[in-house]
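One-letter residues, chain by chain:
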Amino acid sequence: MTDSKYFTTTKKGEIFELKAELNSDKKEKKKEAVKKVIASMTVGKDVSALFPDVVNCMQTDNLELKKLVYLYLMNYAKSQPDMAIMAVNTFVKDCEDPNPLIRALAVRTMGCIRVDKITEYLCEPLRKCLKDEDPYVRKTAAVCVAKLHDINAQLVEDQGFLDTLKDLISDSNPMVVANAVAALSEIAESHPSSNLLDLNPQSINKLLTALNECTEWGQIFILDCLANYTPKDDREAQSICERVTPRLSHANSAVVLSAVKVLMKFMEMLSKDLDYYGTLLKKLAPPLVTLLSAEPELQYVALRNINLIVQKRPEILKHEMKVFFVKYNDPIYVKLEKLDIMIRLASQANIAQVLAELKEYATEVDVDFVRKAVRAIGRCAIKVEQSAERCVSTLLDLIQTKVNYVVQEAIVVIKDIFRKYPNKYESVIATLCENLDSLDEPEARAAMIWIVGEYAERIDNADELLESFLEGFHDESTQVQLQLLTGIVKLFLKKPTETQELVQQVLSLATQDSDNPDLRDRGYIYWRLLSTDPVAAKEVVLAEKPLISEETDLIEPTLLDELICYIGTLASVYHKPPSAFVEGGRGVVHKSLPPRTASSESAESPETAPAGAPPGEQPDVIPAQGDLLGDLLNLDLGPPVSGPPLTTSSVQMGAVDLLGGGLDSLMGDEPEGIGGTNFVAPPTAAVPASLGAPIGSGLSDLFDLTSGVGTLSGSYVAPKAVWLPAMKAKGLEISGTFTRQVGSISMDLQLTNKALQVMTDFAIQFNRNSFGLAPAAPLQVHAPLSPNQTVEISLPLSTVGSVMKMEPLNNLQVAVKNNIDVFYFSTLYPLHILFVEDGKMDRQMFLATWKDIPNENEAQFQIRDCPLNAEAVSSKLQSSNIFTVAKRNVEGQDMLYQSLKLTNGIWVLAELRIQPGNPSCMLSLKCRAPEVSQHVYQAYETILKN
């Protein structure tokens, strides 16, 4: 009889009866009772009251009974943690059982009981099982470590289990190796910073040896681990590729895709001149083609991955066009994906085949598929110039079918063909105009209006055609209304005498009767242009248009490189990086392909900079594309979250010895002549720890609570400069400056919209920088920014952001987003905005500190053209938080001893020598971080000369 009988009883007093049966002396009766308990548990009845009785049944040699009891235990341990401790003794015993299956079962169950109280009791049995002589027990224990780490990470680290796991990578049994790699990868994902999988050529060799012998899922874990390794040179990359290539012929598609991922990644390091490179390309095609003979769901995943591979290396599948031809019984999602790849692989060599196939698809019954096929014909025309004529005649044949949706799609793509090949195919316009009445979709209507407006001089009745659209102007979609407005203005500029009424009609419809701000604005612009300067209007509206590019839907190169590293995962199906769809971002690490080695060609494949990358006009300010875009693109351009303000205690001398020299013990007695005359160039040492972590002023400075020295007048503010010109930001011009007042730093911005469309949804983000500057609030532009409008915004800044030493030190890289795009620029901030209000040192401390800072850290500078006397200099500098500690007159020279403190706690000491009547003065600076001196000198110059 089957086990279904256990699910059919519904007697009263069932729990009581089960209790009696569980305590029976007969083994068979006990086993029956436990099965009934499990059955009740499975259908959702609460049988937790039987916990002690079930746990008593654990003392048995019967493996089946033991499994059932362990199953019960896993389910109820969470709700009965105190009772679960009763089972610990049995686990410990079972871990020493002579039967390896029972030892492994005990370890597996231990890992599944997520109760903190129990975990420490389980460490000893787990340690024994990790060193067990049976590989089955070892491989189970390896996974148990990962489960235990999820419950109590600290415990696992303290008990040294991670080191034992690392040792298991060298195990003689391939399944143990695979499970150890899987466990370490799982732990490393939740702790991205820890270098758990410390891969080196020796450990890689062990993994490759195990790869041939373990199960398919073990192979996937090992291949994914290999994909995270970066070989030291192209020879090592080639050797790994050679040993991974046999996996391409595996029956499991997941193994194949993992192997493809490793090969695609390491191919980056191989030179294209190598014979092996060509061999590898040939070997990659057959496994990808084989994936397409699987069931539709697997085909779809394979096609999404192939789509990425074809964009990265089209040469792999360039001879395999036929396998992407659509079968009549393919599901629609497979058909659409195949079409996409066909277009990517289309070339002069195979275009005839592709066009014949696409024409066939355009007569299918599936509307979505037919539309995509018609679009595909247009994309082929744009991609392969030699085929354009054939594509246009194919499209005309399709228009003759008079099938409504086919005609509409054809008109949309012909518009793009006109943009790509001006003055070549305009003879077909007459045919298009015949089908005007059948157009009912906004995109097709807008495309047709664009064609009529653009070629109005070739169409005799252009005014009638456009007038026919004007009758239902308010019922049209925005896309059509905007296109109609532009089309009629173009027509007016080409045939002014005949169309004056028409243009006035459309302008009044757009400006007076419309609620849409985009339409109104465009209407007013045209109205003003036409009424003030018709010549300018002609130059603007009838300007020559840039040709459209062939591939507008390619994935942006840096994202493509990241997605190649995720082949075979969800990211490769969504075509989005994991950070875009994994909530909480746990374990999401940004990956990228390894850099090409020296032997690889650089001229053939220049890394294309993504659109919006900052122009390289200021090489000293704007770094390589990698670190600016890499960091800025990874930032979420939502409202910035600034860290908690640091409390005042972190600034006090007792808590942190900011100058690092134990100043209290160094109090000197009598003042000496401080700055010597020897000139010491500032050495380029690394930034000390004090610059690495911002210790500086939190709320204490904002409210000036510390010393009462801060002045209300605020420090010197430079005039606004243009940081981002409109031509580099699609019409958005950004000017700005930095200010510091009463302890608050702000970035004062002026945003000007020089484009023809409204700008909204502004956000701002800074890259990591030397002093941790970050927006302290979102960028708030309260109303949409209309064309030619300017808005002034003051953005409060904090200094608790991420820190990274920049070159130069005061370089700030900024990303600004709006509804149009993301734009990047770089600017240099004056260091004096970082001078805090409690920067006045007392005299004794100043003297001791000056002595304590080594002489090689002293830098001397000359400030020319500064005809101020000592009093004026002192008060001018004090308003920017540079404080005079003492003043002396030596041989007719005024000597000012000054101190200032930066937001991250670095002190800078200065001696300023002023000779009455001499417009130049000498500045000596001493600081523990000599890199700062040059910038402090620039701040002195800026403040004193303005």
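Described in the following lines is the structure provided in the data block. (Residues numbered from 1 in each chain as written. Predicted model: local features only at pLDDT ≥ 70, side-chain atom pairs only at ≥ 80, totals over all residues. Heavy atoms only, no water.)

1. Some thoughts on the overall build of the protein
Along the protein, the regular secondary structure elements total 39 helices and 13 strands. A burial count over the protein gives 51% of its 946 residues as buried. Within the protein, residue pairs in contact and separated by at least 24 positions form 69% of the contacts whose partners lie at least 6 positions apart. Carbon together with sulfur atoms contributes 52% to the accessible area of the protein, which is approximately 43000 Å² in total. (Helix = DSSP H or I, 4+ residues; strand = E, 2+ residues; numbered from the N terminus. Buried < 20%, exposed > 50% of the residue type's maximum accessible area, 1.4 Å probe, protein only. Contact = heavy atoms within 4.5 Å. Areas by Shrake-Rupley, 256 points an atom, 1.4 Å probe, with all protein chains shown as cover.)

2. Examining unusual backbone geometry
In this chain, E807 is followed by P808 through a cis amide linkage whose omega measures -5°. Along the chain, P808 turns up in the loop between strand 6 (790-798) and strand 7 (811-817). One non-glycine residue, D761, lies in the positive phi region at around 55°. Locating D761 in the fold gives a position in the loop between strand 3 (744-753) and strand 4 (763-766).

3. Thoughts on the state of the cysteines
Enumeration according to the criterion identifies 0 disulfides in this entry. Free of any disulfide, C129 has its nearest neighbouring cysteine sulfur in C95, separated by 4.0 Å. Residue C129 is classed as buried on the basis of its relative accessible area, which comes to 0%. (Disulfide = S-S within 2.5 Å.)

4. Considering the environment of C123
Along the chain, the position of C123 falls in helix 9 (residues 123-130). Here C123 falls in the buried class, since its relative accessible area comes to 2%. Each C-alpha atom, one on C123 and one on L155, is 8.8 Å from the other, the two residues being 32 residues apart in sequence. Those residues in contact with C123 that lie beyond four places of it in its chain are L155, Q159 and F161.

5. Examining the sheet that holds strand 1 (residues 721-724)
The 5 strands are arranged 1-2-3-6-5 in an open sheet whose pairing can be described as antiparallel. Pairing within the sheet leaves two strands with one partner each, and these edge strands are strand 1 and strand 5 (774-775). Across 2 bridges, strand 5 lies against strand 6 in antiparallel orientation. Across the sheet, P775 pairs through a bridge with L797, a residue of strand 6. (Pairing = 2+ DSSP bridges.)

6. Let's talk about the side chain of H935
Tracing the backbone shows H935 in helix 39 (residues 931-945). Judged by relative accessible area, which is 12%, H935 ranks as buried. Apart from residues lying up to four places away in sequence, H935 is in contact with P808, L809, N810 and L831.

7. A few points about the pairing of strand 10 (residues 883-890)
With 7 bridges connecting them, strand 10 and strand 11 (residues 893-901) associate as antiparallel partners. When the sheet's bridge partners are listed, F883 is paired in strand 11 with S899. Counted along the chain from strand 10 to the antiparallel partner strand 11, the turn is 2 residues long, and its residue E891 has a positive phi close to 50°.

8. As for the packing of aromatic side chains
In total, this model carries 13 aromatic pairs according to the counting rule given. Plain terms: the ring middles of F846 and W850 are 6.0 Å apart, the flat faces sit at 25° to each other, and that makes the pair stacked. Here F846 pairs with W850, and both are found in helix 37 (residues 843-852), just 4 residues apart, close to one helical turn. Of the two residues examined, F846 and W850, each falls in the buried class. On the numbers, 4.5 Å between centres and 5° between planes, the contact of F861 with Y937 is stacked. Taken together, the residues span a long stretch of sequence, with F861 in strand 9 (residues 858-863) and Y937 in helix 39 at a distance of 76 residues. (Phe/Tyr/Trp six-rings, centres within 6.5 Å; stacked < 30°, edge-to-face > 60°.)

9. A word on helix 13 (residues 174-190)
With 17 residues, helix 13 extends 25 Å between its outermost C-alpha atoms, agreeing within 8% with the 24 Å of an ideal straight helix rising 1.5 Å per residue. Burial analysis of helix 13 places 13 of its 17 residues in the buried class, the great majority of the element. Backbone nitrogen of M175 and a side-chain oxygen of the N-cap are separated by 2.8 Å at the start of helix 13; the cap is N173. (Expected span 1.5 Å × (residues − 1). Polar contact = N/O pair within 3.5 Å; in protein donor to acceptor, adjacent residues only side chain to side chain.)

10. Considering the sheet that holds strand 9
Spatially, 9-13-12-11-10 is the arrangement adopted by the 5 strands of the open sheet, whose pairing is antiparallel. The outermost strands of the open sheet, each flanked by one partner alone, are strand 9 and strand 10. Averaged over all pairs of adjacent strands, the angle between strand axes in this sheet comes to 20°, irrespective of strand direction. Of the strands in this sheet, strand 9, strand 11, strand 12 (907-914) and strand 13 (921-927) touch helix 39, which is tilted by about 25° from strand 9. (Axes fitted to C-alpha atoms, helices over the stretch in contact; angles between N-to-C directions.)

11. Observations regarding the pattern of salt bridges
Scanning all chains against the criterion turns up 38 salt bridges. A salt bridge links R375 to E443; the nearest nitrogen and oxygen atoms lie 2.9 Å apart. Of this pair, R375 sits in helix 22 (residues 367-383) while E443 sits in helix 26 (residues 442-454), and the two are 68 residues apart along the sequence. When its relative accessible area of 30% is taken as the criterion, R375 is described as partly exposed. We classify E443 as partly exposed; its relative accessible area is 36%. With a closest N to O distance of 2.9 Å, K887 and E871 form a salt bridge. A residue pair is termed long-range when its members are at least 10 positions apart, and K887 in strand 10 and E871 in helix 38 (residues 870-878) qualify at 16 residues. Of the residues examined, K887 reaches a relative accessible area of 42% and is grouped as partly exposed. (Salt bridge = Lys/Arg side-chain N within 4 Å of Asp/Glu carboxyl O.)

12. Some remarks on helix 21 (residues 351-361)
Turning to helix 21, its buried residues number three or more, namely I351, V354, L355, E357, L358 and Y361. Around the axis of helix 21, the buried residues are gathered within 165° of arc, so they sit on the same side. Buried residues along helix 21 sit against helix 20 (332-345), helix 22 and helix 23 (388-400). (Arc of directions from axis to C-beta.)

13. Here we look at the nonpolar core
Within the largest apolar cluster, 211 residues are counted, with the highest numbers of intra-cluster contacts made by Y72, L126 and F418. Counting contributing residues per domain, this core is built from domain 1 (346-438) and domain 2 (441-543), each supplying no fewer than three. Beyond its immediate sequence surroundings of up to four residues, L126 is in contact with V107, M110, A141, C144, V145, L148 and F161. Core analysis: the second largest hydrophobic core is formed by 63 residues, F766, F825, I863 and A870 among them. (Core = buried A, V, L, I, M, F, W, Y, C linked by side-chain atoms within 4.5 Å. Domains from an automatic or database assignment.)

14. Details of the packing of helix 21 against helix 23
At a minimum axis distance of 11 Å, the contact between helix 21 and helix 23 shows a crossing angle of 10°. Taken together, the axis directions place helix 21 and helix 23 in an arrangement best described as roughly parallel. From helix 21, I351, A352, L355 and K359 reach across to helix 23, where they touch R390, C391, T394 and D397. Looking at the contact of helix 21 with helix 23 residue by residue, the class counts come to 4 nonpolar, 1 polar and 3 charged. (Parallel < 35°, antiparallel > 145°, perpendicular 65-115°, else oblique. Nonpolar A, V, L, I, M, F, W, Y, C, P; charged D, E, K, R; others polar.)

15. Some details on the pairing of strand 3
The buried fraction of strand 3 is high, at 8 of 10 residues. Connecting strand 2 (residues 732-741) to the antiparallel partner strand 3 that follows it, the hairpin turn spans 2 residues, and V742 within it adopts a positive phi of roughly 45°. Pairing analysis gives 8 bridges linking strand 3 to strand 6, with the strands arranged antiparallel. Within the sheet, the bridge partner assigned to S746 lies in strand 6 and is P796.

16. So, the side chain of T109
Inspection of the secondary structure assignment puts T109 in helix 7 (residues 100-112). The exposure class of T109 is buried, given its relative accessible area of 1%. When neighbours within four sequence positions are excluded, T109 is seen to be in contact with Y70, M74 and F91.

17. Some words on the packing of helix 9 against helix 12 (residues 161-168)
Relative to each other, helix 9 and helix 12 sit at 15°, their axes nearing to 11 Å. One finds that helix 9 runs roughly parallel with respect to helix 12. When you trace helix 9 past helix 12, the crossing you get is left-handed. Where helix 9 approaches helix 12, its residues C123, L126, R127 and L130 are matched on the opposing element by F161, T164 and L168. Of the residues contributing to the contact of helix 9 with helix 12, the split by class is 5 nonpolar, 1 polar and 1 charged. (Left-handed = near helix turned anticlockwise from the far one by under 90°.)

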